[in-house]
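Take a look at the letters that make up each chain.
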Amino acid sequence: MSFLFYERDLFGFESEIQRPMRGPKSGRVYRRKSVVHRASAPGEAPAIDTGILRFSIAVKIGDSGLSATIGVHELTKVKYARPLEFGTQKMAARPFVFPALEKNKKTIQNRIRRDIRATERAVAKKR
């Protein structure tokens, strides 16, 4: 039996990851053709440039319905997501997934507990 309520709650979590990307940034400003862009500074969530990273964030429910992966969808081939999240030898991290998870950890845990209890009650009624 899958946790249907939990799945619904997780899909709303995508916006929690995306929200900090929309905020003001304090990194360097540069011009690419006619577009002026302000990058994120180290430690800030990535600045939105093309929107590809933001729209690649997804929740994938496991085949059993009992697990989920939250993050950048592997099919989008956004190769810069991992370096942004964790940094590289040449660039400091601009984390966006982990801070959202930390900020919402209690809410996520409470929803999981709630949905497990609801599932247990539903199974007990069928017996």
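Residues numbered from 1 in each chain as written. Predicted model: local features only at pLDDT ≥ 70, side-chain atom pairs only at ≥ 80, totals over all residues. Heavy atoms only, no water.

Caption draft 1: Structural context of the overall build of the protein chain. Across its full length, the protein chain carries five helices and four strands. The linear arrangement of helices and strands in the protein chain, starting from the amino end, is α-β-β-α-β-β-α-α-α. Out of the 127 residues belonging to the protein chain, those deemed buried represent 31%. Counting only contacts in the protein chain whose residues sit at least 6 apart along the sequence, the fraction spanning at least 24 positions is 53%. (Helix = DSSP H or I, 4+ residues; strand = E, 2+ residues; numbered from the N terminus. Buried < 20%, exposed > 50% of the residue type's maximum accessible area, 1.4 Å probe, protein only. Contact = heavy atoms within 4.5 Å.)

Caption draft 2: Representation of the pattern of salt bridges in the model. Under the criterion given, the structure shown has three salt bridges. Of the charged contacts in the structure, one is a salt bridge between K105 and E102, with a shortest N-O distance of 3.6 Å. In this structure K105 comes out as partly exposed when scored by relative accessible area, which is 38%. Accessibility expressed as a relative area gives 39% for E102, which makes it partly exposed. (Salt bridge = Lys/Arg side-chain N within 4 Å of Asp/Glu carboxyl O.)

Caption draft 3: The arrangement of unusual backbone geometry in detail. One non-glycine residue, K33, lies in positive phi territory at about 60 degrees. Residue position: K33 is located in the loop between β1 (29-32) and β2 (35-38). Since its relative accessible area comes to 80%, K33 is described here as exposed.

Caption draft 4: View of the nonpolar core. By size, the foremost hydrophobic cluster in this structure holds 13 residues, and its most contacted members are F13, I17, M21, L53, I57, A81 and F96. Going through the elements one at a time, α1 (4-22), α3 (81-86) and α4 (97-103) are the ones with two or more residues in this core. Excluding its chain neighbours within four sequence positions, the residues that come into contact with L53 are M21, P46, V72, V78, Y80, A81, L84 and F96. (Core = buried A, V, L, I, M, F, W, Y, C linked by side-chain atoms within 4.5 Å.)

Caption draft 5: Broad picture of a positive patch on the surface. Taken together, the side chains of K106, R113, R117, R121 and K125 present a region of like positive charge at the surface. Secondary-structure assignment places K106 in helix α5 (residues 105-126). Among the residues examined, K106 registers a relative accessible area of 60% and is labelled exposed. (Patch = residues over 30% accessible without salt bridge, like charges linked within 9 Å, V, L, I, M, F, W, Y side chains within 5 Å. Areas by Shrake-Rupley, 256 points an atom, 1.4 Å probe, with all protein chains shown as cover. Lys, Arg positive; Asp, Glu negative; His and termini not counted. Charge placed at Lys NZ, Arg CZ, Asp CG, Glu CD.)

Caption draft 6: Spatial organisation of the side chain of S56. For S56, the location among the structural elements is in helix α2 (residues 52-56). Looking at S56, the relative accessible area reads 2%, which means it is buried.

Caption draft 7: Highlighting α5. When the terminal C-alpha atoms of α5 are compared, their 32 Å separation across 22 residues agrees well with the 32 Å that a helix rising 1.5 Å per residue should span. For α5, the complete set of buried residues consists of I108, D115 and T119. Buried residues of α5 fall within an arc of 40 degrees about the axis and therefore sit on the same side. In this structure, α5 carries K106, E120, R121, A124 and K125 as exposed residues pointing more than 90 degrees from its buried face. (Expected span 1.5 Å × (residues − 1). Arc of directions from axis to C-beta.)

Caption draft 8: Spotlight on the pairing of β1. The pairing of β1 with β2 spans four bridges and is antiparallel. Bridged to R32 within β2 is V35. In this antiparallel pair of consecutive strands, β1 and β2, the connection spans two residues, and K33 shows a positive phi of 60 degrees. (Pairing = 2+ DSSP bridges.)

Caption draft 9: Up close: the environment of S56. Sequence spacing of S56 and G71 is 15 residues, and the spatial spacing of their C-alpha atoms is 8.1 Å. Apart from residues no more than four positions distant in its own chain, S56 is found in contact with G71, V72, H73, T76 and V78.

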